[in-house]
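Analysis of the macromolecular model
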Amino acid sequence: MNQKQIFPFLANRLALLLGRMLAVVLLCSTVSCYHQSQQSPDAWNLTDDQLDSISFYTTHHYAQNFNFVVVGDSLELMTQAPDEVPYDSLMVYRGDRLVVAEIMTIPSDTIDSVWVKVARDQLSQGWVREQQLLSKVAPDDPISQFISFFSDTHLLIFLAFMAVVLAVYSLFRLNRRHAYIVHFHDIPSIYPTMLALLVSASAMVYSSIQLFAPESWRHFYYNPTLNPFALPPHLSLFMSMVWALVVVSLAVVDDTLRRLPWSGALLYLCGLAAVCAVDYVVFSVSTLYYIGYILLPVYVVFALRCLRLSFGHRCICGRCGAELSEKGICPQCGAMNI
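Let me sum up the structure you'll find in this document.

Conventions adopted
- All residue numbers refer to position in the chain's written sequence, counted from 1.
- Only residues with pLDDT of 70 or above have their local features reported here, since the model is predicted, and side-chain atom pairs are shown and tallied only from 80 upward, although totals for entire chains, interfaces and linings are computed over all residues.
- To obtain the side-chain values, all non-hydrogen atoms of the structure were used and water was disregarded.
- Note on definitions: the grid is 1 Å and covers protein atoms alone; a cavity is a set of points where a 1.4 Å probe fits but cannot get out; a pocket is an open set with protein on both sides within 12 Å along at least five of seven lines; lining residues have an atom within 4 Å of a point.
- Grid points are joined across faces, edges and corners, and a volume is the space filled by probe spheres set on the points.
- A helix here means a DSSP run of H or I that spans at least four residues, while a strand means a run of E at least two residues long, and both kinds are numbered starting from the N terminus.
- Polarity classes work like this: nonpolar for Ala, Val, Leu, Ile, Met, Phe, Trp, Tyr, Cys and Pro, charged for Asp, Glu, Lys and Arg, and polar for all others, with Gly in that last group.
- Should a side-chain nitrogen of Lys or Arg be within 4 Å of a carboxyl oxygen of Asp or Glu, the pair is scored as a salt bridge.
- The classification of residues rests on relative accessible area computed with a 1.4 Å probe and restricted to protein chains. Under 20% of the type maximum is buried, over 50% is exposed, and intermediate values are partly exposed.
- Note: two strands are recorded as paired if DSSP finds a minimum of 2 bridges between them.
- Two rings belonging to Phe, Tyr or Trp (six-membered ring only in the last case) form a pair when the distance between their centres is within 6.5 Å. Interplanar angles under 30 degrees mark stacking, angles over 60 mark edge-to-face geometry, and anything in between is tilted.
- For the purposes of this section, nonpolar cores are sets of buried Ala, Val, Leu, Ile, Met, Phe, Trp, Tyr and Cys residues that join through side-chain atoms within 4.5 Å.
- The term polar contact refers here to a pair of N or O atoms within 3.5 Å; inside protein, the definition further demands a hydrogen-donor-capable atom paired with an acceptor-capable atom, and it admits residues adjacent in sequence only when both atoms are side-chain atoms.
- Contact between two residues is taken to exist if any of their heavy atoms lie within 4.5 Å; hydrogens are not considered.
- What counts as an axis is a line fitted to C-alpha atoms, over the stretch in contact for a helix, and the angles between N-to-C directions run from 0 to 180 degrees.
- For this classification, under 35 degrees means roughly parallel, over 145 means roughly antiparallel, 65 to 115 means roughly perpendicular, and everything else is oblique.
- Here is the rule for handedness: rotate from the far helix to the near one, and if that takes an anticlockwise turn smaller than a right angle the crossing is left-handed, while a clockwise turn gives right-handed.
- Expected span of a helix, by definition, is 1.5 Å for each gap between consecutive residues, and there is one gap fewer than residues.

What follows covers the layout of surface pockets. Considered as a void within the structure, the largest pocket measures approximately 1300 Å³ in volume. Surrounding the largest pocket, 40 residues form its lining, F146, F150, V199, L245 and Y280 being those nearest its centre. Where the lining of the largest pocket is concerned, the elements lending two or more residues are helix 4 (142-176), helix 5 (191-212), helix 6 (214-222), helix 7 (233-259) and helix 8 (262-288). Ranked by residue count, the leading element in the lining of the largest pocket is helix 4, at 11 residues. Per-class residue counts for the lining of the largest pocket are 33 nonpolar, 7 polar and no charged.

As structure tokens, then:
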């Protein structure tokens, strides 16, 4: 069989295969049957306790048998029911895992009408007000615990990280005078700018959810998932951005290590992380005051303009062929390019 006959032969075989598959599908659709089950008259005949549990879960986002972990130093529990006096107490401590055993509403309680009975084990059970409980525990899920930890300490981590990065960058800048940093003295790569813009947009979406749909974020906090297709549209958009951040971050590390030596790449990545941290804080806070919606388009135009300039002025090292942003000493081989 010559080359001219191969393509008609493959086309005929593919058409024959598709025709057989279509015939099988049509045959199955004609012989399939549907069994209509009888509707049970008590399918939705729920008890009052079940209805109360569903209603409580809808508004509080957790219910009986929900698992918590203590994140505070300690939590005091009443061993007797709230309406029983006198009562004894017991303590649970950081890292103890608790399960919700019972929920009680006391309308006469002016401090907090919702009381929750939690159990560490069979012998360690007690009651506590809901507000006091939720301030000392987090859902027993890694995603929820990460959200709780990051929400409590992100400003301190950001300030400490910025101080270290700025100190290292200042020393290196004094030594080399030609250190790379995103937006200002950037490498010819699209990924760092893409990462900075993704962080900014993600921070704006995150703050928008906090601003316009706080209950949906609260529900996500108690029932987290990494699957963006199992979430409402706004949460799905945010989770898709989180996955995009992971992918783009890997591309940034790979491309930076390919273009710069280890020392320069490490400093550049630290500077990029500092810029992303600033972007996160600026856009997450400014969006709460509606300023972020104006600031983000301005930042996008600025970042794309800087990216175009980094690609527009490139030189090639005469010895090793490495890309240079300007004439001078090649960071790869050390040759002087005039």
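Structure shown, so let's carry the discussion forward.
Counted according to the given criterion, the structure contains 7 salt bridges. Close ionic contact of D96 with R120 constitutes a salt bridge, the shortest N to O distance being 3.2 Å. Taken together, the positions of D96 in the loop between strand 3 (89-93) and strand 4 (97-105) and R120 in the loop between strand 5 (114-119) and strand 6 (125-129) put the pair 24 residues apart, joining distant regions of the chain. Given the relative accessible area of 34%, R120 is considered partly exposed. Connected through salt bridges with shared partners, the residues D96, R120 and D121 form a single ionic network.

Another aspect to go through is the pairing of strand 4. Bridge analysis of strand 1 (residues 67-70) against strand 4 gives 3 bridges, and the strand direction is antiparallel. Among the inter-strand pairings, F68 is bridged to a residue of strand 4, identified as L98. Pairing between strand 4 and strand 5: 6 bridges, direction antiparallel. Bridge pairing links M104 to W115 in strand 5.

A few words now on the packing of aromatic side chains. Tallying each qualifying case throughout the model produces 15 aromatic pairs. Ring centres 6.2 Å apart and planes at 55 degrees place the aromatic pair Y62 and F66 in the tilted group. Accessibility expressed as a relative area gives 0% for Y62, which makes it buried. Considering the side-chain rings of F66 and Y222, the 6.0 Å spacing of their centres and the 65 degrees angle between planes classify their relative orientation as edge-to-face. With F66 in the loop between helix 2 (48-60) and strand 1 and Y222 in helix 6, this residue pair connects regions lying 156 residues apart in the sequence. By relative accessible area, F66 is classed as buried at 14%. Ring pairs connect the aromatic residues F56, Y62, F66, F68, Y221 and Y222, which therefore count as one cluster.

Here we come to the nonpolar core. Within the largest apolar cluster, 62 residues are counted, with the highest numbers of intra-cluster contacts made by Y62, F68, L75, L133, L195 and W217. Broken down by element, the residue count for this core peaks at 11 residues, all from helix 5.

Time to look at the side chain of S189. Relative to the helices and strands, S189 is located in the loop between helix 4 and helix 5. A residue is classified by how much of its surface remains accessible, and S189, at 2% relative accessible area, is buried. Of note is the side chain of S189, whose polar atom sits 2.4 Å from the side chain of D255. Setting aside residues no more than four positions away along its own chain, S189 makes contact with D255, R259, L307 and F311.

One non-glycine residue, N65, lies in the positive phi region at around 75 degrees. You can see N65 is positioned in the loop between helix 2 and strand 1. Notably, H183 is not glycine yet its phi reads approximately 80 degrees, a positive angle. Classification of H183 as buried rests on a relative accessible area of 8%.

On to the packing of helix 5 against helix 7. As a packed pair, helix 5 and helix 7 sit with axes 9 Å apart at the nearest point and diverge in direction by 160 degrees. It follows from the interaxial angle that helix 5 and helix 7 lie roughly antiparallel. Classified by chirality, the crossing of helix 7 by helix 5 is left-handed. Along the contact surface, helix 5 presents Y191, P192, M194, L195, L198, V199, A201, S202, V205, Y206 and I209, while helix 7 presents H234, L235, L237, F238, M241, A244, L245, V248, S249, A251, V252 and D255.

Right, let's talk about the side chain of D255 for a bit. Counting through the fold element by element, D255 comes out in helix 7. By relative accessible area, which is 6% here, D255 ends up buried. Not counting residues within four places of it along the chain, the set of residues in contact with D255 comprises S189 and Y191.

Glancing now at the environment of V165. Locating V165 in the fold gives a position in helix 4. Between the C-alpha atoms of V165 and G271, which are 106 residues apart in sequence, the distance is 6.7 Å. Sequence-distant contacts of V165, defined by excluding residues within four places in its chain, comprise C270, G271 and A274.

Turning our eyes to something else, we now look at helix 7. With 27 residues, helix 7 extends 38 Å between its outermost C-alpha atoms, agreeing within 8% with the 39 Å of an ideal straight helix rising 1.5 Å per residue. The set of residues buried in helix 7 consists of L235, S236, F238, M239, M241, L245, V248, V252, D255 and T256. Residues of helix 7 that are buried make contact with helix 5, helix 6 and helix 8.

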